[in-house]
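Residues per chain, in single letters:
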Amino acid sequence: MSSYIRANVAALHAYTPGEQPRDADVIKLNTNENPYPPAPAVLEALPTLMPNALRMYPDPVCRSLRQTIAKVHDCEEENVFCGNGSDEILSLCIRAFVPNQGRIGYWEPSYSLYPVLANIADVGVEPLPLAADFSWPAIPRRYDVPLFFWTNPNAPTSLQCPVDVIADYADGSEGVVVVDEAYADFADTNALPLTREFANVLVTRSFSKSYSLAGVRLGYAIGPEPLISALFKIKDAYNVNAVTQRVGQLAMADQEYMHKNVRRIRATRERVSQRLTQMGWQVLPSQTNFLWARPAAQSASEWFEYLRAHKIYVRYFSGAAVREYVRITVGTDAEMDAFLKIIETAEAVS
Ligand SMILES: Cc1ncc(COP(=O)(O)O)c(C=O)c1O
């Protein structure tokens, strides 16, 4: 171990992103991307981006983009912060809200990036375990942390916690509650109303899933102005590049297109879920663009390998609480039919 490296960095287990295969004929159901293209206006704008938009620094505070987001969510520009993916905002939240000897909280299993971000920032973690069926047990009354990441709908389990439950925790907490809503556009409800009701609630959203823009890296937070201002104080000067600001604004402006794709994905989600259930798989009722499913025959890791051998990539996590499940991103109908066919054929043979 080199003494040049900070001890927490030397000891760090870095986050493992899902695989991005170069092979074009892989059906990629492993990183919860959207199978449909971004909004038409985005595709039209890209070739016409003025050279000046690239030559000059971008707007450091993303004003136009934030105005569009604020309009869609019926809030003020001062309530909106934009980041280089919602991941950047989660990281900034730790730096802004957790004191030196502080800890962050989150449910386990949830987004595996949180403990990595805590380790990078050299702050502690105090996760709360979900129940065996992945529901949310009561939080012990004495439990409180300066920052709690509440993934809702949860990943990788796909379930949605009732917003009242989050409100109850926020109401009694001395810390900030960040509701990580990367998948909220695929869900029936969301926690945005809490950001108006409570001084300590922020909601984070992503352009990577419902807006089909994972490649440009854009996320945003909505919340009370003092929390948003704290994020502005500590961000890098130009944290969102000019191309991303422009295409993000165009994507956000076309709500109809986004909702149309979300409806398609939800319909495919229900169809695939029913078919897997008929085949004896246990599929949790998803409120996201992925399914969390326990296979009927063979273990989850065997299915993962088998599908992979047939060029269908899903996500498998080996942790104790999650190793019996696979996470399957909802792709196009054709992709999901190919996925189902492999499973049906394998089940018929076994
Ligand atoms: C729960 C959760 N939050 C945040 C993110 C990151 O989103 P972004 O691409 O906006 O950084 C993901 C990505 O998979 C996620 O699953």
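**Observations concerning the pairing of strand E3 (residues 103-108)**
- Bridge count for E3 against strand E4 (residues 124-125) is two bridges, and the pairing is parallel. Within E4, the residue paired with isoleucine 104 across the bridge is valine 125.
- Chirality of the crossover, the property in question, places the unit of E3, helix H6 (residues 113-121) and E4 among those that are right-handed.
- Here three bridges tie E3 to strand E6 (residues 147-151), and the two strands are oriented parallel to one another. The residue bridging tyrosine 106 from the neighbouring strand is phenylalanine 149, located in E6.
- Strand direction decides the pairing type here: E3 and strand E5 (residues 128-129), joined by two bridges, are parallel. When the bridges of E5 are listed, tryptophan 107 appears paired with leucine 128.

**Quick notes on the packing of helix H5 (residues 86-97) against helix H9 (residues 225-234)**
- One can describe the packing of H5 onto H9 by two numbers: an axis separation of 10 Å at closest approach and a directional angle of 100°. Judged by the angle between their axes, H5 and H9 are roughly perpendicular. In this structure, H5 contributes Ile89, Leu92, Arg95 and Ala96 to the contact, and H9 contributes Ala230, Leu231 and Ile234.
- Per-class residue counts for the contact of H5 with H9 are six nonpolar, no polar and one charged.

**Some details on the site of the ligand**
- The ligand sits among 13 residues. The nearest are Gly85, Ser86, Asp87, Ser206 and Ser208.
- For the shell around the ligand, a count of residues per class yields four nonpolar, seven polar and two charged.

**With respect to the domain arrangement of the protein**
- Taken as a whole, the protein is organised into domain 1 (7-37 + 256-349) and domain 2 (40-254).
- Just the C-alpha atoms count here: the centres of domain 1 and domain 2 sit 24 Å apart.
- In this assembly, 29 residues from domain 1 lie in contact with 27 residues from domain 2.
- Elements represented by at least two residues in the side of domain 1 that touches domain 2 include exactly helix H11 (255-278) and strand E11 (290-294).
- Ranked by residues supplied to the side of domain 1 that touches domain 2, first place goes to H11 with six residues.

**Concerning the packing of helix H4 (residues 63-72) against helix H10 (residues 242-253)**
- Running from amino to carboxyl end, H4 crosses H10 at an angle of 20°, the nearest separation of the two axes being 9 Å. Overall, the two elements H4 and H10 adopt an arrangement that is roughly parallel. When the axes of H4 and H10 are compared, the crossing they make is left-handed. Contacts between H4 and H10 involve Ser64, Leu65, Thr68, Ile69 and Val72 on the former and, on the latter, Gln245, Gly248, Gln249, Met252 and Ala253.

**A closer look at the nonpolar core**
- In terms of nonpolar packing, the biggest core is built from 89 residues, with Ile104, Leu147 and Val177 touching the most fellow members.
- Counting residues per element, this core draws most heavily on H5, at six residues.
- Split by domain, this core shows at least three residues from each of two domains, domain 1 (7-37 + 256-349) and domain 2 (40-254).

**Focus: unusual backbone geometry**
- Backbone torsion omega between glutamate 108 and proline 109 reads 5°, so that peptide bond is classified as cis.
- A cis amide bond links alanine 155 with the next residue in sequence, proline 156, at an omega value of 10°.
- The topology assignment puts proline 156 in the loop between E6 and helix H7 (163-172).
- At aspartate 122, a position not held by glycine, the phi torsion is positive, near 60°.
- The topology assignment puts aspartate 122 in the loop between H6 and E4.
- Taking the number of C-beta atoms within 10 Å as the measure of exposure, aspartate 122 has 15 and is therefore partly exposed.
- Despite not being glycine, glutamine 298 has its phi angle at roughly 65°, a positive value.

**Structural notes on the sheet that holds strand E14 (residues 326-329)**
- The strand order E10-E11-E14-E13 describes an open sheet built from four strands, whose pairing is antiparallel. For this open sheet the edge positions go to strand E10 (282-283) and strand E13 (315-316), each flanked by a neighbour on one side alone.
- Inspection of the sheet shows E11 paired to E14 by four bridges, in the antiparallel sense. Across the sheet, the residue bridging to alanine 293 is valine 326, located in E14.

What counts and what doesn't
- Residues numbered from 1 in each chain as written.
- Predicted model: local features only at pLDDT ≥ 70, side-chain atom pairs only at ≥ 80, totals over all residues.
- Pairing = 2+ DSSP bridges.
- Helix = DSSP H or I, 4+ residues; strand = E, 2+ residues; numbered from the N terminus.
- Right-handed = clockwise from strand over helix to strand, strands pointing away.
- Axes fitted to C-alpha atoms, helices over the stretch in contact; angles between N-to-C directions.
- Parallel < 35°, antiparallel > 145°, perpendicular 65-115°, else oblique.
- Contact = placed C-beta atoms within 7 Å.
- Nonpolar A, V, L, I, M, F, W, Y, C, P; charged D, E, K, R; others polar.
- Near = placed C-beta within 6 Å.
- Domains from an automatic or database assignment.
- Left-handed = near helix turned anticlockwise from the far one by under 90°.
- Core = buried A, V, L, I, M, F, W, Y, C linked by C-beta atoms within 7 Å.
- Buried ≥ 20, exposed ≤ 12 C-beta atoms within 10 Å, placed from the backbone.

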